[in-house]
Amino acid sequence: FGTAAAILMTTAVPAQAQTRDHAPVALSSSSKMSQDKPNTETWTYAQPRSAFLKYRTVIVDPTVVYQGPDAQFEGIEQADRIKYAGMITDELRSEIAKTFPTPAKPQADTLRVRVTILGGKKTMGGVATATRVTPLGFATSALKSAIGKSGSFTGSLLYAVELFDAKSNELLLAAVRRRTPDPLDVPATISTTETVKSVARDFANSARERLEELTQATVSR
């Protein structure tokens, strides 16, 4: 991963340029990811689906707070970043365990999941809530929900998720995404912490479903 190392020796990249122009420079999988669509914040690398079929157990690493020069935390304090990382870890481990056992040590059928928080935007508490509870605001939020857009004044999390073979450490999948709560999720508009709770729940659920799809694992709930 020499490319990222070389970039890190140069001047820090402007935050707003990070995931629209290039993958996060200090992320180990950066050089393998391709942008899904120009000028978006979505980047992906994935091995063929057949590579995932042997996996039946999963280890979820503690969520990492990104320390690269192009982090995008927009005023979120370090203590809050660490708190949000813990929330994501807890939700992900709880949700993944519904389908995949966690072995005491890596086995031949073990995936390792690593999530890195790359940045985030704060929720404007009170203002965001007010835009949902009025009749016009609710109607607007319902429309945004239907077409997959984020709600007004509500924050978001920018994160990377990486999947590795737990024994060989071979990279199997990497993706960068930004996630916001559903516009109709009123509790998520109260504060940035509530926003992150909602994002963590939604992300954990979608991650479990995606792993089930990739591995064709049987749900053991």
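Residues numbered from 1 in each chain as written. Predicted model: local features only at pLDDT ≥ 70, side-chain atom pairs only at ≥ 80, totals over all residues. Heavy atoms only, no water.

Undergrad: Honestly, the overall build of the protein in this entry has me stumped. Any pointers?
TA: Helix and strand counts for the protein come out as six helices and seven strands. Every one of the 221 residues in the protein was classed for burial, and the buried ones make up 45%. Of the contacts formed within the protein by residues at least 6 apart in sequence, a portion of 75% connects residues at least 24 apart. For the protein, the computed accessible surface area is about 10800 Å², with 56% contributed by carbon and sulfur atoms. (Helix = DSSP H or I, 4+ residues; strand = E, 2+ residues; numbered from the N terminus. Buried < 20%, exposed > 50% of the residue type's maximum accessible area, 1.4 Å probe, protein only. Contact = heavy atoms within 4.5 Å. Areas by Shrake-Rupley, 256 points an atom, 1.4 Å probe, with all protein chains shown as cover.)

Undergrad: Sorry if this is basic, but what is going on with the packing of aromatic side chains here?
TA: Any aromatic ring pair is given by two values, namely how distant the centres are and how the planes are angled relative to each other. For the structure shown, the criterion picks out one aromatic pair. Here the basic side chain of R112 rests over the ring of F164, its NZ or CZ set 4.6 Å away from the ring centre. (Phe/Tyr/Trp six-rings, centres within 6.5 Å; stacked < 30°, edge-to-face > 60°. Lys NZ or Arg CZ within 6 Å of the ring centre and 35° of its normal.)

Undergrad: Whenever I open this one, helix α6 (residues 192-215) confuses me. Can you help?
TA: Residue pairs three or four apart in sequence face the same way in an α-helix, which turns once every 3.6 residues. Taking 1.5 Å per residue as the helical rise, α6 with its 24 residues ought to reach 34 Å, and the 34 Å between its terminal C-alpha atoms agrees with that figure. Directly after α6, the chain includes Q216, whose backbone phi takes a positive value near 55°. (Expected span 1.5 Å × (residues − 1).)

Undergrad: Please explain the pattern of salt bridges as it appears in this structure.
TA: Opposite charge on two side chains permits pairing when their charged atoms draw close. Within the structure shown, the criterion is met by 12 salt bridges. Linking D36 and R177 is a salt bridge whose minimum nitrogen-to-oxygen distance equals 3.5 Å. With D36 in the loop between β1 (34-35) and β2 (43-46) and R177 in strand β7 (residues 171-179), this residue pair connects regions lying 141 residues apart in the sequence. Classification of D36 as partly exposed rests on a relative accessible area of 43%. Assessed through its relative accessible area of 26%, R177 is described here as partly exposed. For R210, the salt bridge goes to E213, with nearest N and O atoms at 3.1 Å. Of the two residues, R210 and E213 are both situated in helix α6; the distance of three residues between them amounts to about one turn of the helix. The partly exposed category is assigned to R210, whose relative accessible area is 39%. (Salt bridge = Lys/Arg side-chain N within 4 Å of Asp/Glu carboxyl O.)

Undergrad: Before we go on, may I ask you to explain the side chain of T89 in this structure?
TA: Structurally, T89 can be placed in helix α3 (residues 78-96). What T89 contacts, discounting residues up to four positions off in sequence, is D61, P62 and T63.

Undergrad: Can you help me understand the side chain of S29 in this one?
TA: Note on placement: S29 falls in the loop between α2 (18-21) and β1. Beyond its immediate stretch of four places on either side in the chain, S29 contacts E162, L171 and A174.

Undergrad: Which parts of the structure should I look at to understand the environment of P24?
TA: Tracing the backbone shows P24 in the loop between α2 and β1. Between the C-alpha atoms of P24 and G68, which are 44 residues apart in sequence, the distance is 7.5 Å.

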